Amino acid sequence: HGDTAQLGGLALSSFEAALAGGELGPGVVPGDADASSIVQVMEAGGHPQQLSAEDLATLRAWIDDGAPETADDGPVAVGAMWDETIAAFFDPTCTSCHGDTAQLGGLALSSFEAALAGGSLGPGVVPGDADASSIVQVMEAGGHSQQLSAEDLAALRAWIDAGAP
């Protein structure tokens, strides 16, 4: 699906080409992942080059958030990356108890891999599924000694639902 759009008339060589789509309709419909032919094909399965579940969740979230062409056009959470944004939510507030040694509940938040692994309550972060992520569950239950702000929790939730890039 390069410049020439050989297969199905779909070219993915530019933002505009992805929006335009091909024989199956618009490739990307900003604000509506379900109407986007790329998502439809990936979710149907069987494509020779299938996106991973995490990449598909990220694509869906990006489209549903309006498919911004640049980082300046969209919400911070979807474009957030662990090292650039998310880790700052936890350091030093959470890492004082959930650092490298994972003293409390077996949960360490010193790295992306450690947050994925989680602790005694299950995976800390489940890419694409904030509801299944123990960090979100604990924060939303309230009463934790170090609560994330509502804004940081919303950004964390959006980042996880976008596939936790």
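Preceding this paragraph is the structure being described.
From a predicted model like this one, the values you see are computed outputs, not experimental measurements. (Residues numbered from 1 in each chain as written. Predicted model: local features only at pLDDT ≥ 70, side-chain atom pairs only at ≥ 80, totals over all residues. Heavy atoms only, no water.)

Engineer: Which residues make up the environment of V29, and what are the values?
Structural biologist: Within the secondary structure, V29 is located in the loop between α1 (15-20) and α2 (37-44). Sequence separation between V29 and G66 is 37 residues; the distance between their C-alpha atoms is 8.1 Å. (Helix = DSSP H or I, 4+ residues; strand = E, 2+ residues; numbered from the N terminus.)

Engineer: How would you summarise the pattern of salt bridges if you had to cite specific residues and measurements?
Structural biologist: Note on pairing: side chains with opposite charge can pair once their charged atoms come close. Applying the stated rule across the entire model yields 6 salt bridges. Here D161 and R157 are joined by a salt bridge, their closest N and O atoms 4.0 Å apart. A residue pair is termed a helical-turn pair when its members lie 3 or 4 positions apart in one helix, as D161 and R157 do in helix α8 (residues 150-161) at 4 residues. Overlapping salt bridges, with partners in common, bring together D34, E43, R60 and D64 in one network. (Salt bridge = Lys/Arg side-chain N within 4 Å of Asp/Glu carboxyl O.)

Engineer: Before we move on, can you summarise the packing of α2 against helix α3 (residues 53-64) with the specific residues and values?
Structural biologist: The contact between α2 and α3 brings their axes to 11 Å, and the two run at 155°. In terms of their interaxial angle, α2 and α3 are classed as roughly antiparallel. Crossing hand, α2 versus α3: left-handed. Contacts between α2 and α3 involve I38, V39, M42 and E43 from the first element and L56, L59, R60 and I63 from the second. Of the residues in the contact of α2 with α3, the class split is 6 nonpolar, no polar and 2 charged. (Axes fitted to C-alpha atoms, helices over the stretch in contact; angles between N-to-C directions. Parallel < 35°, antiparallel > 145°, perpendicular 65-115°, else oblique. Left-handed = near helix turned anticlockwise from the far one by under 90°. Contact = heavy atoms within 4.5 Å. Nonpolar A, V, L, I, M, F, W, Y, C, P; charged D, E, K, R; others polar.)

Engineer: Could you give me a rundown of the environment of F15, with the residues and numbers involved?
Structural biologist: Assignment of secondary structure puts F15 in helix α1. Taking C-alpha positions, F15 is 6.9 Å from E69, a pair spaced 54 residues apart along the chain. Beyond its immediate stretch of four places on either side in the chain, F15 contacts W62, A67, P68 and E69.

Engineer: How would you explain the nonpolar core if you had to name every residue and give the values?
Structural biologist: Looking at soluble globular proteins, one finds that nonpolar side chains tend to be buried together. Core analysis: the largest hydrophobic core is formed by 20 residues, its most contacted members being F90, I135, L156 and W159. Counting residues per element, the ones that place at least two in this core are α5 (82-90), α7 (134-141) and α8. The element that contributes the greatest number of residues to this core is α8, accounting for 5 residues. (Core = buried A, V, L, I, M, F, W, Y, C linked by side-chain atoms within 4.5 Å. Buried < 20%, exposed > 50% of the residue type's maximum accessible area, 1.4 Å probe, protein only.)

Interpretation note: all reported values are geometric properties and have no functional meaning in isolation.
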